[in-house]
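# Per-entry structural report
Listed below are the residues making up each chain.
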Amino acid sequence: MSNTFGNLINGQWIPSITGNTFDVQNPARKDEIVSTFPASSAQDVKQAIDAAEAAFPAWSRLTPHRRGTYLARAAQLLAQRRDQAATTLVREEGKPITEARGEVDRSIALLEFYAGQASLLGGQTFPSAMDGRFLYTVRAPLGIVALITPWNFPSAIPVWKLAPALLCGNTVVLKPASLAPTSAAIVAQCLVEAGLPAGVLNLVTGGGRDVGDPLINDPRIRAISFTGSYEIGRSIIRRTADRLIRVGLEMGGKNPHIVMDDADLDRAVNDIVIGAFWSSGHKCTACSRAIVLESVCDAFVARLLKRVADIRVGDPLLPETQVGPVIDEKQLASILQYIQIGQSEGARLAAGGKRLAGGIYDAGHFISPAVFTDVTPTMRIAREEIFGPVLAVMKARNLDEAVGIANDVDFGLSAGIATRSIATAMDFVRRIDAGVIHVNNPTAGLEYQLPFGGCKASSSGYREMGTTALDFYSLVKTVYVDG
């Protein structure tokens with residue numbers, strides 16, 4: 001069953017001025033239309049920014065507590081729609097139902113978390129060097145914020161951007177990814193039903209050129225938070241540099257997981273399989289490189305291949321499915337091309353890497369999880385983000401060489417290590433170039449109350465989630481008071 005949505009502008013769900021639409025397809029059943037959305041234009045973007053501009057004065061004057069009540073009520077409404085929201089997420093993005101439920105639960109938790117920050121959204125007081133002087137800081141909103149979100153976490157990422165933005169008193173124009181906008185629309189519906197004033201949150205759908213570019217280029221936008229490719233993120237920085245606005249970027253990853261010779265190999269295999277293949281590798285924090293010490297590499301690979309052979313790839317709506325489809329035909333073609341590149345470079349395809357056929361596989365975009373061995377650090381599959389279920393296994397003689405290999409890429413988002421030694425783990429934490437570090441757990445795990453972000457080409461340096469996100473979405477004013 002398909003649903004038709006409009007753009008959310010000034011509190012109303014309305015069609016695009018162009019009248020054009022696009023369909024969202026189910027990646028597991030590509031003939032099934034999940035939803036239909038406006039293919040919007042620059043005129044629609046202008047309407048949304050106009051609405052956000054008009055709503056900003058009243059919204060910014062509300063107390064944080066009042067703003068937080070809308071987030072709390074939206075969390076309750078989303079919780080009531082949990083099963084529908086999770087099923088919709090599966091149908092539009094392909095994530096297995098167990099993971100989809102977890103993502104919706106994270107969206108609910110994020111709304112609750114930022115609602116709870118309302119009573120803590122203050123400044124600081126400082127002692128003065130002058131008698132009779134009172135020094136303090138307060139937070140102020142930035143203005144209109146543009147949020148551009150990806151398809152791989154179509155519910156959670158919009159929430160972890162818009163919840164702190166709204167709490168800080170900004171108004172928002174949200175552009176979700178065209179491959180999976182329905183989950184973001186469900187969140188927006190919950191906020192509207194919670195009574196959020198018209199124009200505070202606006203949602204406009206469509207392509208990057210037609211919607212993203214005019215949104216980024218409008219001089220009334222005071223901050224942009226973007227999650228997506230490095231190429232687009234870098235172009236946003238270039239296009240906005242002269243305006244001196246705040247820009248937060250979360251981009252790619254080529255995340256390593258080092259396996260030491262003292263590691264519990266079964267646990268390491270489990271963590272790496274989850275990190276590399278769950279959600280079809282469609283995570284910027286997914287493990288794409290297992291860097292294993294030579295003395296245990298053969299034993300590790302034997303365990304890994306046995307485990308990978310047992311992975312259940314199939315219908316993402318079935319609870320027993322562990323890996324669903326990749327998002328679309330274009331992404332599948334890109335993954336298969338990288339598999340060909342890996343083989344041509346001399347790496348050995350030890351498992352998977354084939355387009356699956358027969359039964360439900362014929363209906364969607366399914367691929368068997370791929371494991372490469374005999375991978376060297378200079379190979380493209382060891383350096384470039386593939387964004388699919390492909391794992392490159394590499395050897396290292398010791399921790400020094402393993403960290404060197406891990407750091408010798410452009411990205412620095414997430415990294416993991418498997419070891420029984422606390423000293424080794426702490427040495428790894430100190431030396432690894434990554435913003436998120438995991439010891440004895442998968443590289444892809446995140447908790448909403450902590451800061452999230454990377455270094456090098458993975459991030460612009462700002463952090464999302466946790467209380468740190470409030471720093472991005474607010475301006476600190478410093479006040480000197482003399483009697």
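Summary of the structure given here. This is a predicted model, so every value here is computed, not measured. (Residues numbered from 1 in each chain as written. Predicted model: local features only at pLDDT ≥ 70, side-chain atom pairs only at ≥ 80, totals over all residues. Heavy atoms only, no water.)

### Here's the deal with the pattern of salt bridges
Tallied over the full model, the rule gives 24 salt bridges. Its salt-bridge partner being R81, residue E193 comes within 3.7 Å of it at the nearest N-O pair. Of this pair, E193 sits in helix 6 (residues 182-193) while R81 sits in the loop between helix 2 (64-80) and helix 3 (82-93), placing them 112 residues apart in sequence. Owing to a relative accessible area of 17%, R81 belongs among the buried residues under this scheme. One salt bridge in this structure joins E99 and K283, with 3.5 Å as the shortest N-O distance. With E99 in helix 4 (residues 97-116) and K283 in the loop between helix 9 (265-277) and strand 14 (287-293), this residue pair connects regions lying 184 residues apart in the sequence. An identical accessibility class is assigned to E99 and K283; each is buried. (Salt bridge = Lys/Arg side-chain N within 4 Å of Asp/Glu carboxyl O. Helix = DSSP H or I, 4+ residues; strand = E, 2+ residues; numbered from the N terminus. Buried < 20%, exposed > 50% of the residue type's maximum accessible area, 1.4 Å probe, protein only.)

### What about the pairing of strand 17 (residues 390-396)?
Where burial is concerned, most of strand 17 is hidden: six out of the seven residues are buried. Note: strand 14 against strand 17, five bridges, orientation parallel. The partner of I291 across the bridge, within strand 17, is M394. As judged from the three bridges shared by strand 16 (residues 370-373) and strand 17, these two strands associate in the parallel manner. Bridge pairing in strand 17 links A370 to V390. (Pairing = 2+ DSSP bridges.)

### Section: the sheet that holds strand 19 (residues 414-418)
The seven strands are arranged 15-16-17-14-13-19-20 in an open sheet whose pairing can be described as mixed. If you trace the sheet from one side to the other, it starts and ends with strand 15 (348-351) and strand 20 (436-439), each paired once. Between one strand and the next, the sheet's axes are offset by a mean angle of 25 degrees, whatever the strand orientation. Strands in contact with helix 9 are strand 13 (255-259), strand 14, strand 16, strand 17 and strand 19; relative to strand 13, the strand with the most contacts, it is inclined by about 170 degrees. Helix-sheet contacts for helix 13 (residues 422-431) involve strand 13, strand 19 and strand 20, and the interaxial angle to strand 20 is about 170 degrees. (Axes fitted to C-alpha atoms, helices over the stretch in contact; angles between N-to-C directions. Contact = heavy atoms within 4.5 Å.)

### Quick notes on the packing of helix 7 (residues 208-217) against helix 8 (residues 230-240)
For the pair helix 7 and helix 8, interaxial distance at closest approach is 10 Å and the crossing angle is 35 degrees. As helix 7 runs across helix 8, the sense of the crossing is right-handed. Seen from helix 7, the contacting residues are D213, I216 and N217; seen from helix 8, they are I236, R239 and T240. Tallied by class, the residues present in the contact of helix 7 with helix 8 amount to two nonpolar, two polar and two charged. (Left-handed = near helix turned anticlockwise from the far one by under 90°. Nonpolar A, V, L, I, M, F, W, Y, C, P; charged D, E, K, R; others polar.)

### As for unusual backbone geometry
For N440, which is not a glycine, the phi torsion comes out positive at approximately 60 degrees. Mapped onto the secondary structure, N440 falls in the loop between strand 20 and strand 21 (455-456). A positive phi angle is found at M465, which is not glycine, with a value near 60 degrees. Of note, M465 is situated in the loop between strand 21 and helix 14 (468-472).

### Focus: helix 12 (residues 399-407)
Among all positions in helix 12, only L399, A402, V403, I405, A406 and N407 are buried. In this structure, the buried residues of helix 12 make contact with strand 13, strand 14, strand 17, strand 19, helix 13 and strand 21. Of the residues flanking the start of helix 12, the one acting as N-cap is N398, its side-chain oxygen 3.2 Å from the backbone nitrogen of D400. (Polar contact = N/O pair within 3.5 Å; in protein donor to acceptor, adjacent residues only side chain to side chain.)

By themselves, these are just geometric observations and shouldn't be taken as functional.
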